[in-house]
There are 2 protein chains.
Amino acid sequence: MAGTSHRAAPEHTHPDEVPVLTALAALADPVRLTLVRELAADAEWSRSCGSFDVPVGKAALSHHFSVLRAAGLVEQRDEGPRRVNRLRRAEFEARFPGLLDLVLRPEPHL
Amino acid sequence: MAGTSHRAAPEHTHPDEVPVLTALAALADPVRLTLVRELAADAEWSRSCGSFDVPVGKAALSHHFSVLRAAGLVEQRDEGPRRVNRLRRAEFEARFPGLLDLVLRPEPHL
DNA sequence: GGGAGTGTATGGTTTTCATCGAACACTCGG
DNA sequence: CCGAGTGTTCGATGAAAACCATACACTCCC
């Protein structure tokens, strides 16, 4: 049958239930910042967890995604053997207006 | 004569030279968040470092202000024996539009 | 059903960061 | 010149967080 996954669905937190401090802490990490940026640059649900170019092992990567979910930044869905991601642009923007733009904006020269 | 201080002037960093990651990290701490908020609630140069209601000793407090200066969030000036503070609203807003508003805005109920 | 691919969970190590206590520097008022 | 008030610096401590290697769970395809 369709839609049947015998795998535990990932726990999500809606941005509305996220404290500012949690959101800031989630974004204040170079690896997660990269994840969010790469995620924003591609189509929704197009990137699996392993498809990101970050210098950490799978275990750490999995943890980072867990943090991003808890901060309401990322939504995940199981698609066959892989877990694909989506940046929760609209919802997160509604909760923290401008924050995402800020972090996605190309860094002005220092 | 006036304006003569035999004390080392605090090192400041202009918001324009601050990476996003540094700004986020500076705000992603409960004590510093309180400092910024209290600072925003009062007139510029009206608050000395010791006048904030945070549950840490002077040493830690001094360190937090150092982080806030490095993030371009706070400017300090020596005024007699005390060091008074100013939130760099305009400059920081120009560099990171909306970020201060976000953190100063009262937290919606969770 | 076996094996490859993908992601999570666990346990332990390392690093980072917030914190404190104590010592020091500076300013001001007696 | 001394003492109180204020803030920084230093060294050490403890907690939090990032990380890795391994082992495990699930899905798909042959």
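The text that follows walks through the structure, step by step, so that each part is easy to find. (Residues numbered from 1 in each chain as written. Chains lettered and ligands numbered in written order. Predicted model: local features only at pLDDT ≥ 70, side-chain atom pairs only at ≥ 80, totals over all residues. Heavy atoms only, no water.)

**Some points on the interface of chain A and chain B**
Accessible area lost during the coming together of the parts is what is often quoted as the interface size. Taken together, the 23 residues of chain A in the interface contact 22 residues of chain B. Of all residues in chain A, A:L21, A:L24 and A:L102 give up the largest surface area on contact with chain B, accounting jointly for 28% of the area buried on that side. At the surface where chain A touches chain B, the tally comes to 2 salt bridges. One salt bridge connects A:E107 with B:R95, and the closest N-O pair in it is separated by 3.0 Å. Summed over the shared surface of chain A and chain B, the result is 6 residue pairs in polar contact (both at pLDDT 80 or more). Contributing elements (two or more residues each) for the side of chain A that touches chain B: α1 (20-27), α2 (30-41) and α5 (99-104) of chain A. At 5 residues, α1(A) tops the list of elements feeding residues into the side of chain A that touches chain B. For the side of chain A that touches chain B, the class distribution of residues is 16 nonpolar, no polar and 7 charged. (Contact = heavy atoms within 4.5 Å. Buried area = accessible area lost by both parts, 1.4 Å probe. Salt bridge = Lys/Arg side-chain N within 4 Å of Asp/Glu carboxyl O. Polar contact = N/O pair within 3.5 Å; in protein donor to acceptor, adjacent residues only side chain to side chain. Helix = DSSP H or I, 4+ residues; strand = E, 2+ residues; numbered from the N terminus. Nonpolar A, V, L, I, M, F, W, Y, C, P; charged D, E, K, R; others polar.)

**Points about the protein's contact with DNA strand D**
Surrounding DNA strand D, one finds 22 residues, the nearest of these being A:H6, A:G57, A:A59, A:H64 and B:S62. By atom count, sugar and phosphate contribute 79% of the portion of DNA strand D lying within 4 Å of the protein. Here a phosphate oxygen of DNA strand D sits 3.2 Å away from a polar atom, N or O, in the main chain of B:C49. Separating a phosphate oxygen of DNA strand D from a side-chain N or O atom of B:R83 is a distance of 3.1 Å. Among the elements that take part in the surface near DNA strand D, helix α3 (residues 58-70) of chain A stands out by supplying 4 residues, more than any other. Classifying every residue of the surface near DNA strand D by side-chain character gives 7 nonpolar, 9 polar and 6 charged. (Near = heavy atom within 4 Å.)

**A closer look at the environment of B:A40**
Looking at the secondary structure, you find B:A40 in helix α2 (residues 30-41). Residues within four places of B:A40 in sequence aside, it is in contact with B:L87, B:R89 and B:L104.

**Quick look at the nonpolar core**
Generally speaking, nonpolar side chains in soluble globular proteins are found buried as a group. The biggest cluster of nonpolar side chains holds 55 residues, and the ones touching the most others in it are A:L73, A:L99 and B:L73. At the level of elements, α1, α2, α3 and α5 of chain A together with α1 (20-27), α2, α3 (58-70) and α5 (99-104) of chain B are the ones that each hand at least two residues to this core. Looking at which element gives the most residues to this core, the answer is α2(A), with 6 residues. (Core = buried A, V, L, I, M, F, W, Y, C linked by side-chain atoms within 4.5 Å. Buried < 20%, exposed > 50% of the residue type's maximum accessible area, 1.4 Å probe, protein only.)

**Regarding the packing of α2(B) against α3(B)**
Residue and element names in this part refer to chain B. Contact pair α2 / α3: the axes reach a minimum separation of 10 Å and the direction vectors enclose 70°. Relative to α3, α2 is oriented roughly perpendicular. Taking contact as the criterion, the partners of V31, R32, L35 and V36 in α2 are, on α3, L61, H64, F65, V67 and L68. Per-class residue counts for the contact of α2 with α3 are 7 nonpolar, 1 polar and 1 charged. (Axes fitted to C-alpha atoms, helices over the stretch in contact; angles between N-to-C directions. Parallel < 35°, antiparallel > 145°, perpendicular 65-115°, else oblique.)

**As for the sheet that holds strand β3 (residues 82-87) of chain B**
All names here are of chain B. Pairing within the open sheet is antiparallel, and its 3 strands lie in the order β1-β3-β2. Edge strands, defined here as strands with exactly one partner in the open sheet, are β1 (47-48) and β2 (74-79). Two strands pair when backbone bridges link them, and β2 and β3 are joined in this way by 6 bridges, in the antiparallel orientation. Bridge assignment links R77 to a residue of β3, and that residue is V84. Set on the sheet, α2 makes contact with β1, β2 and β3; between it and β3 the angle comes to about 85°. (Pairing = 2+ DSSP bridges.)

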